[in-house]
Amino acid sequence: MNPFDNLFDLFSHIIWRPGIGDNIWWGWSTVALYYGTALLATLLYMQQRRTEKPDGRFYATLALLLLGLGIARQTGLLRWFTELGRAIAREEGWYTTRWLVQQQLVRDGLYGGFLLLLLLLWLNRHALRRQGIILLGVSFLLCFVAIRAISFHNIDFWLSRRHMGIPMNTLLEGGALLWIALSLCFAGGYCASLYPRRWLDRRRNFSSLRHDIERST
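Residues numbered from 1 in each chain as written. Predicted model: local features only at pLDDT ≥ 70, side-chain atom pairs only at ≥ 80, totals over all residues. Heavy atoms only, no water.

Q: I'm lost on the overall build of the chain in this one. Help?
A: Within the chain one finds nine helices and two strands. When the helices and strands of the chain are placed in sequence order, the string is α-α-α-α-α-α-α-β-β-α-α. The buried share among the 217 residues of the chain stands at 34%. Across the chain, every contact between residues at least 6 apart in sequence was considered, and the portion connecting residues at least 24 apart equals 74%. A total of about 14500 Å² of accessible surface is found on the chain, and carbon and sulfur atoms cover 64% of it. (Helix = DSSP H or I, 4+ residues; strand = E, 2+ residues; numbered from the N terminus. Buried < 20%, exposed > 50% of the residue type's maximum accessible area, 1.4 Å probe, protein only. Contact = heavy atoms within 4.5 Å. Areas by Shrake-Rupley, 256 points an atom, 1.4 Å probe, with all protein chains shown as cover.)

In C-alpha coordinates, the structure reads:
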(Lines give C-alpha, C1' and ligand atoms only; values in the text may rest on other atoms or scores of the structure.)
Protein backbone atom coordinates (compact mmCIF):
# COMPACT_ATOMS: atom_id res chain seq x y z
CA MET A 1 0.00 0.00 0.00
CA ASN A 2 1.29 3.43 -0.92
CA PRO A 3 2.09 5.34 2.31
CA PHE A 4 0.89 8.53 0.65
CA ASP A 5 -2.64 7.10 0.29
CA ASN A 6 -3.33 7.60 3.99
CA LEU A 7 -1.82 11.08 3.80
CA PHE A 8 -4.02 12.11 0.89
CA ASP A 9 -7.04 10.57 2.61
CA LEU A 10 -6.22 12.54 5.74
CA PHE A 11 -5.92 15.82 3.85
CA SER A 12 -9.20 15.13 2.05
CA HIS A 13 -11.02 15.30 5.39
CA ILE A 14 -9.72 18.80 6.13
CA ILE A 15 -12.48 21.37 5.71
CA TRP A 16 -10.72 24.67 5.18
CA ARG A 17 -11.04 27.68 2.93
CA PRO A 18 -8.42 30.46 2.72
CA GLY A 19 -9.62 33.74 4.17
CA ILE A 20 -9.65 35.80 7.32
CA GLY A 21 -11.66 34.20 10.11
CA ASP A 22 -13.33 37.35 11.45
CA ASN A 23 -14.16 39.24 8.26
CA ILE A 24 -15.10 42.44 10.04
CA TRP A 25 -13.34 45.68 10.94
CA TRP A 26 -11.50 44.38 14.00
CA GLY A 27 -10.17 41.37 12.11
CA TRP A 28 -8.78 43.55 9.34
CA SER A 29 -7.47 46.01 11.94
CA THR A 30 -5.44 43.19 13.46
CA VAL A 31 -4.04 42.28 10.03
CA ALA A 32 -3.16 45.94 9.44
CA LEU A 33 -1.38 46.00 12.82
CA TYR A 34 0.71 42.99 11.79
CA TYR A 35 1.77 44.66 8.54
CA GLY A 36 2.27 48.08 10.14
CA THR A 37 4.45 46.64 12.90
CA ALA A 38 6.44 44.68 10.32
CA LEU A 39 6.96 47.95 8.43
CA LEU A 40 8.22 49.64 11.62
CA ALA A 41 10.70 46.81 12.16
CA THR A 42 11.84 47.16 8.52
CA LEU A 43 12.38 50.91 8.97
CA LEU A 44 14.46 50.22 12.08
CA TYR A 45 16.47 47.63 10.15
CA MET A 46 17.21 50.19 7.44
CA GLN A 47 18.11 52.78 10.08
CA GLN A 48 20.49 50.35 11.79
CA ARG A 49 22.04 49.41 8.47
CA ARG A 50 22.73 53.06 7.54
CA THR A 51 24.38 53.78 10.88
CA GLU A 52 26.15 50.39 10.97
CA LYS A 53 24.68 49.52 14.37
CA PRO A 54 24.61 45.87 15.50
CA ASP A 55 20.83 45.43 15.92
CA GLY A 56 19.95 45.23 12.23
CA ARG A 57 19.66 41.46 12.10
CA PHE A 58 17.28 41.46 15.07
CA TYR A 59 14.89 43.93 13.43
CA ALA A 60 15.09 42.16 10.05
CA THR A 61 14.14 38.84 11.70
CA LEU A 62 11.31 40.52 13.59
CA ALA A 63 9.98 42.10 10.38
CA LEU A 64 9.92 38.75 8.58
CA LEU A 65 8.24 37.06 11.57
CA LEU A 66 5.49 39.68 11.77
CA LEU A 67 4.99 39.62 8.01
CA GLY A 68 4.58 35.84 8.11
CA LEU A 69 2.14 36.02 11.02
CA GLY A 70 0.19 38.73 9.21
CA ILE A 71 -0.13 36.60 6.09
CA ALA A 72 -1.17 33.61 8.22
CA ARG A 73 -3.78 35.78 9.96
CA GLN A 74 -5.17 37.14 6.71
CA THR A 75 -5.34 33.77 4.95
CA GLY A 76 -6.50 31.78 8.00
CA LEU A 77 -3.51 29.44 7.65
CA LEU A 78 -3.53 28.56 11.34
CA ARG A 79 -7.09 27.27 10.96
CA TRP A 80 -5.70 24.74 8.48
CA PHE A 81 -3.40 23.35 11.19
CA THR A 82 -6.34 23.27 13.61
CA GLU A 83 -8.39 21.28 11.10
CA LEU A 84 -5.40 19.01 10.46
CA GLY A 85 -5.27 18.19 14.17
CA ARG A 86 -8.99 17.37 14.16
CA ALA A 87 -8.57 15.15 11.09
CA ILE A 88 -5.73 13.27 12.79
CA ALA A 89 -7.89 12.83 15.90
CA ARG A 90 -10.74 11.39 13.81
CA GLU A 91 -8.37 9.12 11.88
CA GLU A 92 -6.77 7.72 15.04
CA GLY A 93 -10.03 7.38 16.96
CA TRP A 94 -9.52 9.81 19.84
CA TYR A 95 -11.62 12.71 18.54
CA THR A 96 -14.15 12.45 21.38
CA THR A 97 -11.37 12.71 23.98
CA ARG A 98 -9.27 15.26 22.08
CA TRP A 99 -9.72 17.75 24.92
CA LEU A 100 -7.16 15.76 26.96
CA VAL A 101 -4.55 16.25 24.24
CA GLN A 102 -5.55 19.89 23.79
CA GLN A 103 -5.28 20.50 27.52
CA GLN A 104 -1.75 19.08 27.55
CA LEU A 105 -0.81 21.10 24.47
CA VAL A 106 -2.02 24.30 26.14
CA ARG A 107 0.19 23.56 29.15
CA ASP A 108 3.10 22.84 26.85
CA GLY A 109 2.40 26.09 25.00
CA LEU A 110 2.53 28.09 28.23
CA TYR A 111 5.76 26.43 29.36
CA GLY A 112 7.17 26.79 25.85
CA GLY A 113 6.34 30.50 25.78
CA PHE A 114 8.13 31.03 29.10
CA LEU A 115 11.17 29.09 27.94
CA LEU A 116 11.14 30.98 24.63
CA LEU A 117 11.19 34.28 26.52
CA LEU A 118 14.14 33.14 28.64
CA LEU A 119 15.99 31.93 25.54
CA LEU A 120 15.41 35.17 23.64
CA LEU A 121 16.48 37.25 26.62
CA TRP A 122 19.66 35.19 26.96
CA LEU A 123 20.47 35.37 23.24
CA ASN A 124 19.96 39.13 23.29
CA ARG A 125 21.45 39.70 26.75
CA HIS A 126 23.89 42.32 25.43
CA ALA A 127 21.03 44.44 24.08
CA LEU A 128 18.34 44.01 26.73
CA ARG A 129 17.98 47.74 27.30
CA ARG A 130 17.02 48.19 23.64
CA GLN A 131 15.26 44.91 22.90
CA GLY A 132 14.01 43.43 26.18
CA ILE A 133 10.60 45.10 26.12
CA ILE A 134 10.14 44.09 22.46
CA LEU A 135 11.02 40.46 23.22
CA LEU A 136 8.43 40.39 25.99
CA GLY A 137 5.70 41.35 23.52
CA VAL A 138 6.94 38.95 20.84
CA SER A 139 7.01 36.01 23.27
CA PHE A 140 3.47 36.75 24.45
CA LEU A 141 2.23 37.05 20.86
CA LEU A 142 3.79 33.75 19.73
CA CYS A 143 2.48 31.94 22.81
CA PHE A 144 -1.00 33.38 22.26
CA VAL A 145 -1.09 32.44 18.56
CA ALA A 146 0.07 28.88 19.32
CA ILE A 147 -2.52 28.35 22.09
CA ARG A 148 -5.32 29.78 19.94
CA ALA A 149 -4.40 27.37 17.12
CA ILE A 150 -4.87 24.44 19.53
CA SER A 151 -8.57 25.44 19.68
CA PHE A 152 -9.26 24.19 23.22
CA HIS A 153 -13.01 24.65 23.77
CA ASN A 154 -12.81 26.46 27.12
CA ILE A 155 -10.18 28.88 25.80
CA ASP A 156 -12.13 29.46 22.57
CA PHE A 157 -15.22 30.27 24.62
CA TRP A 158 -13.29 32.78 26.76
CA LEU A 159 -11.62 34.38 23.73
CA SER A 160 -15.00 34.83 22.05
CA ARG A 161 -16.35 36.87 24.97
CA ARG A 162 -16.66 40.56 24.18
CA HIS A 163 -15.46 43.62 26.03
CA MET A 164 -16.79 46.94 24.70
CA GLY A 165 -18.11 44.99 21.73
CA ILE A 166 -14.69 43.59 20.76
CA PRO A 167 -13.75 39.91 21.31
CA MET A 168 -11.02 39.17 23.88
CA ASN A 169 -9.18 37.39 21.08
CA THR A 170 -8.77 40.69 19.19
CA LEU A 171 -8.00 42.70 22.32
CA LEU A 172 -5.16 40.39 23.37
CA GLU A 173 -3.67 39.97 19.91
CA GLY A 174 -4.02 43.64 19.04
CA GLY A 175 -2.69 44.68 22.44
CA ALA A 176 0.44 42.57 21.96
CA LEU A 177 0.98 44.10 18.50
CA LEU A 178 0.51 47.63 19.84
CA TRP A 179 2.99 46.85 22.61
CA ILE A 180 5.57 45.72 20.03
CA ALA A 181 4.83 48.68 17.73
CA LEU A 182 5.22 51.26 20.51
CA SER A 183 8.41 49.57 21.68
CA LEU A 184 9.79 49.80 18.16
CA CYS A 185 8.80 53.47 17.95
CA PHE A 186 10.66 54.26 21.14
CA ALA A 187 13.65 52.15 20.03
CA GLY A 188 13.82 54.08 16.75
CA GLY A 189 13.37 57.47 18.39
CA TYR A 190 10.05 58.05 16.60
CA CYS A 191 8.32 58.81 19.90
CA ALA A 192 10.92 61.16 21.34
CA SER A 193 8.34 63.95 21.40
CA LEU A 194 6.28 61.96 23.90
CA TYR A 195 8.99 62.31 26.55
CA PRO A 196 8.68 65.28 28.87
CA ARG A 197 11.23 67.96 27.88
CA ARG A 198 12.42 68.35 31.47
CA TRP A 199 13.16 64.63 31.71
CA LEU A 200 15.09 64.75 28.44
CA ASP A 201 17.15 67.73 29.66
CA ARG A 202 18.02 65.90 32.86
CA ARG A 203 19.03 62.83 30.87
CA ARG A 204 21.27 64.90 28.59
CA ASN A 205 22.87 66.63 31.57
CA PHE A 206 23.48 63.31 33.29
CA SER A 207 25.01 61.84 30.12
CA SER A 208 27.32 64.82 29.63
CA LEU A 209 28.35 64.69 33.30
CA ARG A 210 29.15 60.98 33.04
CA HIS A 211 31.12 61.63 29.86
CA ASP A 212 33.19 64.34 31.58
CA ILE A 213 33.92 62.03 34.54
CA GLU A 214 35.03 59.24 32.20
CA ARG A 215 37.33 61.63 30.31
CA SER A 216 38.87 62.95 33.51
CA THR A 217 39.64 59.43 34.75
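Q: How should I be thinking about the packing of aromatic side chains in this particular structure?
A: The geometry of an aromatic ring pair is captured by two quantities: the separation of the ring centres and the angle between the planes. As enumerated under the stated definition, the model contains two aromatic pairs in all. Ring geometry for Phe58 and Tyr59: centres 5.2 Å apart, planes at 70 degrees, overall edge-to-face. For the pair Phe58 and Tyr59, a shared accessibility class is recorded, and that class is buried. Aromatic pair Phe140 and Phe144: ring centres 6.4 Å apart, planes at 15 degrees, arrangement stacked. Here Phe140 pairs with Phe144, and both are found in helix 6 (residues 128-150), just four residues apart, close to one helical turn. A residue is classified by how much of its surface remains accessible, and Phe140, at 40% relative accessible area, is partly exposed. The buried category is assigned to Phe144, whose relative accessible area is 9%. (Phe/Tyr/Trp six-rings, centres within 6.5 Å; stacked < 30°, edge-to-face > 60°.)

Q: Please explain the packing of helix 2 (residues 25-51) against helix 3 (residues 56-75) as it appears in this structure.
A: Packed helix pairs are specified by the crossing angle of their axes together with the interaxial distance, meaning the distance between the axes. Put simply, helix 2 and helix 3 touch, their axes get as near as 8 Å, and they point 160 degrees apart. Of the possible angle classes, the one that applies to helix 2 and helix 3 is roughly antiparallel. With respect to the hand of their crossing, helix 2 and helix 3 are arranged in left-handed fashion. Residue composition of the contact of helix 2 with helix 3, grouped by class: 16 nonpolar, eight polar and one charged. (Axes fitted to C-alpha atoms, helices over the stretch in contact; angles between N-to-C directions. Parallel < 35°, antiparallel > 145°, perpendicular 65-115°, else oblique. Left-handed = near helix turned anticlockwise from the far one by under 90°. Nonpolar A, V, L, I, M, F, W, Y, C, P; charged D, E, K, R; others polar.)

Q: Even after reading the chapter, I still don't get the side chain of Ser183, so can you show me in this structure?
A: Assignment of secondary structure puts Ser183 in helix 8 (residues 168-188). The exposure class of Ser183 is buried, given its relative accessible area of 10%.

Q: Explanation requested: a nonpolar patch on the surface in the structure shown.
A: Together, Leu39, Leu43 and Met46 line one region of the surface with nonpolar side chains, adding up to about 270 Å² of accessible area. Inspection of the secondary structure assignment puts Leu43 in helix 2. You can call Leu43 partly exposed: its relative accessible area is 37%. (Patch = residues over 30% accessible without salt bridge, like charges linked within 9 Å, V, L, I, M, F, W, Y side chains within 5 Å. Salt bridge = Lys/Arg side-chain N within 4 Å of Asp/Glu carboxyl O.)

Q: I'm lost on the nonpolar core in this one. Help?
A: Among the nonpolar cores identified, the biggest contains 24 residues, and Tyr34, Leu62, Leu66, Ile134, Leu141, Ile180 and Leu184 are the most heavily contacted of them. Those elements that place two or more of their residues in this core are helix 2, helix 3, helix 6 and helix 8. (Core = buried A, V, L, I, M, F, W, Y, C linked by side-chain atoms within 4.5 Å.)

Q: When you look at helix 2 in this model, what are you seeing that I'm missing?
A: Since the α-helix advances by 3.6 residues per turn, residues separated by three or four positions end up pointing in the same direction. The end-to-end C-alpha separation of helix 2 is 39 Å, in line with the 39 Å expected for 27 residues at 1.5 Å each. Among the residues making up helix 2, those that are buried are Trp26, Gly27, Thr30, Val31, Tyr34, Thr37, Ala38, Leu40, Ala41, Leu44 and Gln48. (Expected span 1.5 Å × (residues − 1).)

Purely spatial values, then, with no claim about function.
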